[in-house]
Amino acid sequence: MPNNNKNNIIKEFTIALAGSPNSGKTTIFNNITGSRQHVGNYPGVTVEHKTGRRKYKDYVINVVDLPGTYTLTAYSMEELVARDYIINKKPEVLVNVVDSSNLARNLYLTTQLIELSVPMVIVFNMADILKKNVDNINLELLSHLFGAPIVLTIGNKNEGMDKLLDMAIKVYERKYTEKKVLIKYGDEIENEIIKLENLLQLKSDSLKQFNFRWLSIKLLEQDKEVLKYLKNVSDENFYNNLQKLLNNSLSHIKNVMRDSPEVIIAEARYGFINGALKEAIIEKKNNEISISDRIDQVLINKVLGLPIFIFIMWVMFQIVFKLGDYPVNWLGSGLNKFTDLLSKVIPEGLLKSLLIDGIIGGVGGILVFTPKIMLLFIFIAVLEDSGYMARAAFIMDRIMHKIGLHGKSFIPLLIGFGCTIPAYMSGRTLENKSDRLITMHINTFMSCGGRLPIYILFASVFFPKNSGNVIFSIYLIGIIMAIAMAKLLRATRFKGEAEPFVMELPPYRVPTIKGVLIHMWERTWLYIKKAGTVILALSILMWVLFTFPMIGNHYSEDYNLQLKNLNNSYLSAKISKDFYDSEVLKIQKEMAVEKIEYSAAGRIGHFVEPIFKPLGFDWRLSLSSLAGIAGKEVVVSTLGTLFSITKSEKNPVDFKNSIAKQFNPLIGYNFMLFSLLYFPCIASLAVFKREAGTKEMIFQIGFTLSLAWVVSLIVYQIGRLFI
Amino acid sequence: MEQIKTNFISLVNAQVNKKYRIEKMTGGSFFNMRLLSLGFIPGEYIEVINQYGRGPITVYVKGNKVALGRGAAAKIFISEVK
């Protein structure tokens, strides 16, 4: 049908969602894109880049979820990323999501977005709350005043999404146009803006993507990034002129207005908002105490706040570690069955060993922990989405401040008890770089789940009666170390005060299941991906090191002959079955030990033994610690290989006995301590590098290794005097 | 250092449940920008809801609840609204 042709052309365009962190922006993003999302990082920074697609009517709409920001300054990485995206990528339509339960504050970002002169739709989200708060609202007038159409949505009820998309299309097709709005900042500021604009005009070739008025306002706000950018794109002469002009402007404004330009500019913006709201909205009078306030009266109460917080954390750990045990055990036994099946199907040989010992042993061991990780992330997502996380930071700020950290440092440290990798990632909420780096560096000492098997093994071997207390003491030492090292790092490498603590306490909200699941899955996927890549590669490497070079017939004695003789004796009934079995086991063990000693891993173990000798560790403990670089779970499995040996006869009691015979309680405790203090695993280092750069990662390696070595040395050498 | 008028007090010394007005913000421009975006602005009313021991305080400003560390609060000067 020829007359329908026009409608069949699919058009594609991009909308970008901008809004403050608690505006419900992500919920709207999830509503629009469903599960067709892609999460990545913006190049070079650790800010998440979320994109999705939606086919709607005759359009394919690409949706970008910009990081949540209160403003477009250079205060945090998120803000920089958001504004760079808008300026450089120029989305066809900018969608500004506004929490309409608090318009006066949330429209502050809007006043800045309209200055970027990108076609925009303003979304008043949580319109149900808005309707409760106001008697009447004139949306048409407000749209007119802000120069962009306003649509109402209720994100958590999935209402108004089509209206939003229809409006975005209208704006994209230029079928909806409002007169552009300029916010006036008063004569003094406006004069300086014009002067700056005129100067910038000279460089218009290299500043094509910018709106000069916006640039000038940013300069008056003393935005460091804008200044840096201008320095980079301009010659010295121009930059010097610019700086001279700017300094004059700044001091002129300060003299005349008796306040800094950024304050005056903000005043004008809020003034603009207040004026607009007064004209278009009739507010209800209400002096009721909101539900959020009532909840806060309990949750951040001076007396109850901390105990409640501790209780919530306790519940979280109980659920994650106790309840999580079940699915982890199911997965574990499932994996065992799979391994058994596999070992029956695949013929003996190197391939089988690689598959079962190397890959399944390494990667599978990590993957079975996934349910616990999922539970942990569900919990964290609920705490975040409900608004409690901000309160937790608030409650902990006083305590964290004493050790030179920020209230927000607490959450990463807490997650560190589960797994260090998500802990590093959650450090992103810290805006200040020093705060973030210190938090990351000391996170190692928050004993992660992977180390627990080591403690359980050694505590039960050497301190069977007090194993609980001994394990607790290790955790405690970790915390003490973290505090001490935080202070040390603050005093040496990261001088200066912790960032002043300023944080919004958003109203409490009931988290949506969809939102929680999406958050959980994003983070869990990173964990699984890590197991599939880094750990897979390392497991194969470890296997190679433990397998090659192969011993062949380089055994110190002819064990095979001995076995043959033994077999003959047994067959001719010279020895009993029991004696035969135990002798065979003995020989098999010796063979296995020699096999490992002959392998590259064994040689490395012997090679590094002198370094560990002063700590009381023999080559086997040294080797296990080295293997622990791949993941602390590997320490126990390596010890298992070194001590109990031979797959067919893996007898845990025997394993423990041989460890008990070889070492004493002092060495046992010291080994736990050493395992606690050095960096968690290679995968965590990879994340550390991504989050903080190569230099900091190398520092982390050196710092934790030397600390672990020195502390263990002191403990062993002093402890030796007493036993 | 600018002189702060004597009848202005620092937010740290504010009392719970009294009404104040923001008069002066003495932090650097970087820090000010953060506060401004959260609704702290000269002339705006502010109310202290909670003093958490000697730790951070929570205030109401522009319809928002914000937690401030003592270091941050010390840089905001206010006067009481009678």
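Residues numbered from 1 in each chain as written. Chains lettered and ligands numbered in written order. Predicted model: local features only at pLDDT ≥ 70, side-chain atom pairs only at ≥ 80, totals over all residues.

What follows is about the overall build of chain A. Each helix and strand in chain A was counted, giving 33 helices and 10 strands. In terms of overall dimensions, chain A has a C-alpha envelope of 110 × 70 × 60 Å along the principal axes. Per-residue burial over chain A gives 43% buried out of 723 residues. For chain A, restricting intrachain contacts to residue pairs at least 6 apart in sequence, the fraction spanning at least 24 positions comes to 74%. (Helix = DSSP H or I, 4+ residues; strand = E, 2+ residues; numbered from the N terminus. Buried ≥ 20, exposed ≤ 12 C-beta atoms within 10 Å, placed from the backbone. Contact = placed C-beta atoms within 7 Å.)

Attention now moves to the overall build of chain B. If you tally the helices and strands in chain B, you get two helices and six strands. Reading chain B from its N end, one meets helices and strands in the order β-β-α-β-β-β-α-β. Radius of gyration (C-alpha) of chain B: 12 Å, near the 12 Å computed for a compact globule of 82 residues. The C-alpha extent of chain B, read off along each of the three principal axes, is 30 × 25 × 25 Å. (Rg over C-alpha atoms; globule rule 2.2 N^0.38 Å.)

The next point concerns the nonpolar core. Formed by 208 residues in total, the largest nonpolar core has its most connected members in A:Ala16, A:Leu17, A:Val95, A:Val121, A:Val123 and A:Ala168. With residues up to four places along the chain from it excluded, the contact list for A:Ala168 reads A:Ile15, A:Val93, A:Val95 and A:Val121. (Core = buried A, V, L, I, M, F, W, Y, C linked by C-beta atoms within 7 Å.)

Residues and elements named next belong to chain A. Confidence in the prediction of chain A, expressed as mean pLDDT, is 85, and 94% of residues score 70 or more. Taken as a whole, residues 1-5 scores under 50 in pLDDT and shows zero contacts with residues more than four places along the chain or in a different chain. pLDDT under 50 marks residues 645-650. Its contacts with residues more than four places away, or in other chains, come to nine contacts. (pLDDT = per-residue confidence, 0-100.)

It is worth spelling out the packing of helix 27 (residues 600-612) of chain A against helix 28 (residues 619-627) of chain A at this point. All names here are of chain A. Their axes nearest at 8 Å, the elements helix 27 and helix 28 cross at an angle of 105°. The angle between helix 27 and helix 28 places the two elements in the roughly perpendicular class. Only Trp 619, Arg 620, Leu 621, Ser 622, Leu 623 and Leu 626 of helix 28 make contact with helix 27, whose side of the interface consists of Ala 601, Ile 604, Gly 605, His 606, Val 608, Glu 609 and Phe 612. Its residues assigned to classes, the contact of helix 27 with helix 28 comprises eight nonpolar, three polar and two charged. (Axes fitted to C-alpha atoms, helices over the stretch in contact; angles between N-to-C directions. Parallel < 35°, antiparallel > 145°, perpendicular 65-115°, else oblique. Nonpolar A, V, L, I, M, F, W, Y, C, P; charged D, E, K, R; others polar.)

Let's shift gears to the interface of chain B and chain A. Across the boundary between the two partners, chain B contributes 31 residues, which contact 30 residues of chain A. Broken down by secondary-structure element, the contributors of at least two residues to the side of chain B that touches chain A are helix 1 (29-37), strand 5 (64-68) and helix 2 (70-73) of chain B. Considering only residue class, the side of chain B that touches chain A consists of 15 nonpolar, 12 polar and four charged. When strand 10 (residues 502-504) of chain A meets strand 5 of chain B, the two strands line up antiparallel, connected through three bridges. Bridging from a neighbouring strand, A:Glu504 pairs with B:Val66 of strand 5 of chain B. (Pairing = 2+ DSSP bridges.)

Residue and element names in this part refer to chain A. Taken domain by domain, chain A holds domain 1 (10-172), domain 2 (189-257) and domain 3 (307-491). The interface of domain 1 with domain 2 comprises eight residues on the first partner and 10 residues on the second. A breakdown of the residues in the side of domain 1 that touches domain 2 according to their chemical character gives four nonpolar, three polar and one charged. (Domains from an automatic or database assignment.)

When pLDDT drops low, the exact placement of atoms in the prediction is not to be read closely. Residue and element names in this part refer to chain B. With 90% of its residues at a pLDDT of 70 or more, chain B shows a mean pLDDT of 84. Helix 1 is the least confidently modelled element of chain B, averaging 84 in pLDDT, while strand 6 (residues 76-80) averages 92, the highest of any element. Reported for the predicted complex are a pTM of 0.73 and an ipTM of 0.84.

It is worth spelling out the environment of A:Asp435 at this point. All names here are of chain A. Secondary-structure assignment places Asp 435 in helix 21 (residues 433-443). Its 23 C-beta neighbours within 10 Å are what place Asp 435 among the buried residues. Sequence-wise, Asp 435 and Gly 404 are 31 residues apart; in three dimensions their C-alpha atoms are separated by 8.5 Å.

Consecutive residues of a regular strand have side chains that alternate between opposite faces of the sheet. Residue and element names in this part refer to chain B. Where burial is concerned, most of strand 5 is hidden: five out of the five residues are buried. Judged by which residues are buried, strand 5 turns out to be covered on both faces: Asn 64, Val 66 and Leu 68 on one side and Lys 65 and Ala 67 on the other are all buried. In this antiparallel pair of consecutive strands, strand 4 (residues 57-61) and strand 5, the connection spans two residues, and Lys 62 shows a positive phi of 50°.

Moving on, we come to unusual backbone geometry. Here the bond from A:Phe548 into A:Pro549 is cis, since omega is -10°, no more than 30 degrees from zero. As for its placement among the helices and strands, A:Pro549 is situated in the loop between helix 24 (513-547) and helix 25 (559-571). At B:Asn17, a residue that is not glycine, the phi angle is positive and equals roughly 70°. Within the secondary structure, B:Asn17 is located in the loop between strand 1 (9-10) and strand 2 (19-25).

Residue and element names in this part refer to chain A. Running from N to C, helix 23 (residues 467-491) and helix 31 (residues 665-677) point in directions that differ by 45°, and their axes come no closer than 10 Å. Classified by the interaxial angle, the pair formed by helix 23 and helix 31 is oblique. In this structure, the crossing between helix 23 and helix 31 has a hand that is right-handed. The residues of helix 31 that touch helix 23, namely those facing Ile 474, Ile 477, Gly 478 and Met 481, are Met 672, Leu 673, Leu 676 and Leu 677. Here the contact of helix 23 with helix 31 is composed, by residue class, of seven nonpolar, one polar and no charged. (Left-handed = near helix turned anticlockwise from the far one by under 90°.)

On to the pairing of strand 4 (residues 59-65) of chain A. Residues and elements named next belong to chain A. In this structure, strand 1 (residues 11-19) lies alongside strand 4, joined through seven bridges in parallel fashion. Looking across to strand 4, one finds that Thr 14 is bridged to Asn 62. Across seven bridges, the pairing between strand 3 (residues 48-56) and strand 4 is antiparallel. Bridge pairing in strand 4 places Gly 52 opposite Val 63. Hairpin connection of strand 3 to strand 4: two residues between the antiparallel strands, including Lys 57 at a positive phi of 50°.

Another point: the environment of A:Asn138. Inspection of the secondary structure puts A:Asn138 in the loop between strand 7 (134-137) and helix 6 (139-146). The spatial distance from the C-alpha of A:Asn138 to the C-alpha of A:Ala280 is 4.9 Å, given a sequence separation of 142 residues.

Okay, the sheet that holds strand 5 of chain B next. Strand pairing in a sheet is mediated by backbone hydrogen bonds. Such pairs are either parallel or antiparallel. Read from one edge to the other, the open sheet built from seven strands follows the order 10(A)-5(B)-4(B)-3(B)-2(B)-6(B)-1(B), with strand pairing classed as antiparallel. At either end of the open sheet lies a strand with only one pairing partner, and these are strand 10 of chain A together with strand 1 of chain B. Bridge analysis of strand 4 of chain B against strand 5 of chain B gives five bridges, and the strand direction is antiparallel. By the bridge assignment, B:Thr58 is partnered in strand 5 of chain B with B:Ala67.

Residue and element names in this part refer to chain A. If you trace the backbone, Lys 50 turns up in strand 3. Using a count of 20 C-beta atoms within 10 Å as the deciding quantity, one classes Lys 50 as buried. Taking the C-alpha atoms as reference points, Lys 50 and Val 63, 13 residues apart in sequence, are found 8.4 Å from one another.

So, about helix 1 of chain B. Here helix 1 of chain B has its buried residues at B:Asn32, B:Met33, B:Arg34, B:Leu35, B:Leu36 and B:Ser37. Tucked inside the fold, the buried residues of helix 1 of chain B contact helix 4 (103-113), helix 12 (261-280) and strand 10 of chain A together with strand 2 of chain B.

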